[in-house]
Amino acid sequence: MASAPTTAGVPVRRLTVLYDAECSLCTHVRDWLLRQPRLVPLELVPAGSEEARRRFPGLDHSVTLDEVTAVGDAGQVFRGAAAWIVVLWALREHRALAHRLSTPTGAWLARGAVLAAAKWRGGQRQRGGTGYRRADGWAYEPGRGWIYIGPGCDDGTCATR
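To keep things clear, this report deals only with the structure shown in the data block. (Residues numbered from 1 in each chain as written. Predicted model: local features only at pLDDT ≥ 70, side-chain atom pairs only at ≥ 80, totals over all residues. Heavy atoms only, no water.)

## What to know about the overall build of the protein
Phase 1 of the analysis: When its secondary structure is counted, the protein shows six helices and seven strands.
Phase 2 of the analysis: A total of 161 residues make up the protein; the buried ones form 38% of that total.
Phase 3 of the analysis: Residue pairs at least 24 apart in sequence account for 55% of intrachain contacts in the protein once pairs closer than 6 positions are excluded. (Helix = DSSP H or I, 4+ residues; strand = E, 2+ residues; numbered from the N terminus. Buried < 20%, exposed > 50% of the residue type's maximum accessible area, 1.4 Å probe, protein only. Contact = heavy atoms within 4.5 Å.)

Written out as structure tokens, the structure is:
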């Protein structure tokens, strides 16, 4: 039986960053990334979008809405702190920082930054006690997690797909 192909050691020549288009922090970072000089081309695609699902059918797209994900041109997948490090590595002015963050101590700092951003996002989602609602019908309800509240489902009685 053949084993699955590995991407370990395969160079990254292009990155696609999946970001939450409904998150103000995420869109701010997206805009900042678009202004940065790059050593490696970056494409920014909304997480969970039809484009993301078409391009990366093997990804768990619900996870990409919660955790920043970068995908290399050879199928390499980076999530969380590793995604931020590889994205910084792609930027001309931040490659040295990416190398420092890839050390054990740096990785600890990068993980802390990602957790701080996640906490901030969680606070934004819960403003007013209403949770976090996305334009595509998905909502995050504290205590329940991600649920689908599509058109006509406000009373909780909607047909399944």
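## Here's the deal with the pattern of salt bridges
Two side chains bearing opposite charge may form a pair once their charged atoms approach each other closely.
Phase 1 of the analysis: Overall, the coordinates contain five salt bridges when judged by the stated rule.
Phase 2 of the analysis: When the shortest N-O distance is used, the salt bridge between arginine 55 and glutamate 51 registers 3.6 Å. Of this pair, arginine 55 and glutamate 51 both sit in helix 2 (residues 50-55), four residues apart, which is roughly one turn of that helix.
Phase 3 of the analysis: Taking relative accessible area as the criterion, arginine 55 reaches 25% and is therefore assigned partly exposed.
Phase 4 of the analysis: Glutamate 51 sits in the partly exposed class, given a relative accessible area of 33%.
Phase 5 of the analysis: Taken together, the shared-partner salt bridges in this structure form one network comprising Arg14, Glu43, Glu51, Arg54 and Arg55. (Salt bridge = Lys/Arg side-chain N within 4 Å of Asp/Glu carboxyl O.)

## Comments concerning the environment of alanine 107
Phase 1 of the analysis: With respect to the helices and strands, alanine 107 occurs in helix 6 (residues 104-125).
Phase 2 of the analysis: The sequence separation of alanine 107 and alanine 82 amounts to 25 residues, and the corresponding C-alpha distance is 8.0 Å.

## Side note on helix 4 (residues 80-90)
Phase 1 of the analysis: Within helix 4, eight of the eleven residues are buried, which leaves the element mostly enclosed by the surrounding structure.
Phase 2 of the analysis: Of all the positions in helix 4, only Gly80, Ala81, Ala83, Ile85, Val86, Val87, Leu88 and Ala90 are classed as buried.

## Regarding the pairing of strand 2 (residues 42-46)
Phase 1 of the analysis: As paired strands, strand 1 (residues 15-19) and strand 2 are joined by five bridges and run parallel to one another. Of the residues in strand 2, the one forming a bridge with leucine 15 is leucine 42. (Pairing = 2+ DSSP bridges.)

## Comments concerning the side chain of histidine 61
Phase 1 of the analysis: As for its placement among the helices and strands, histidine 61 is situated in helix 3 (residues 61-66).
Phase 2 of the analysis: In this structure, histidine 61 is in contact with Gly48, Ala52, Arg53 and Phe56, ignoring residues within four places of it in sequence.

## Here's the deal with the pairing of strand 1
Phase 1 of the analysis: Burial analysis of strand 1 places five of its five residues in the buried class, which makes it a mostly covered element.
Phase 2 of the analysis: Burial of the side chains of strand 1 extends over both faces: Leu15, Val17 and Tyr19 are buried on one face and Thr16 and Leu18 on the other.
Phase 3 of the analysis: Once you follow strand 1 into helix 1 (residues 24-35) and on to strand 2, the crossover reads as right-handed.
Phase 4 of the analysis: By the bridge criterion, four bridges tie strand 1 to strand 3 (residues 69-72) in an arrangement that is antiparallel. Across the sheet, leucine 15 pairs through a bridge with glycine 72, a residue of strand 3. (Right-handed = clockwise from strand over helix to strand, strands pointing away.)

## Quick notes on the packing of aromatic side chains
Phase 1 of the analysis: All chains considered together, the criterion is met by zero aromatic pairs.
Phase 2 of the analysis: Above the plane of the ring of tryptophan 89 lies arginine 95, whose end atom (NZ or CZ) is 4.1 Å from the centre. (Phe/Tyr/Trp six-rings, centres within 6.5 Å; stacked < 30°, edge-to-face > 60°. Lys NZ or Arg CZ within 6 Å of the ring centre and 35° of its normal.)

## Looking at helix 1
Phase 1 of the analysis: Helix length check: helix 1 (twelve residues) gives 17 Å between terminal C-alpha atoms against 16 Å at 1.5 Å per residue, within 8%.
Phase 2 of the analysis: Turning to helix 1, its buried residues number three or more, namely Cys26, Thr27, Val29 and Leu33. Viewed along the axis of helix 1, the buried residues span an arc of 160°, placing them on a single side of the element. Of the residues in helix 1, the exposed ones pointing more than 90 degrees away from the buried face are His28 and Arg35. (Expected span 1.5 Å × (residues − 1). Arc of directions from axis to C-beta.)

## Overview of the sheet that holds strand 3
Phase 1 of the analysis: Taken together, four strands build an open sheet; the order of strands is 2-1-3-4 and the sheet is mixed. Taken across any chain shown, the strands that pair with only one partner, and hence form the sheet edges, are strand 2 and strand 4 (77-79). Adjacent strand axes in the sheet meet at a mean angle of 20° when their direction is disregarded.
Phase 2 of the analysis: Contacting strand 1 and strand 2, helix 1 crosses the sheet at an angle of about 160° to strand 2.
Phase 3 of the analysis: Against the sheet, helix 4 contacts strand 1, strand 2, strand 3 and strand 4, and its axis sits at roughly 115° relative to strand 4. (Axes fitted to C-alpha atoms, helices over the stretch in contact; angles between N-to-C directions.)

None of the figures reported here should be taken as evidence of function without further support.
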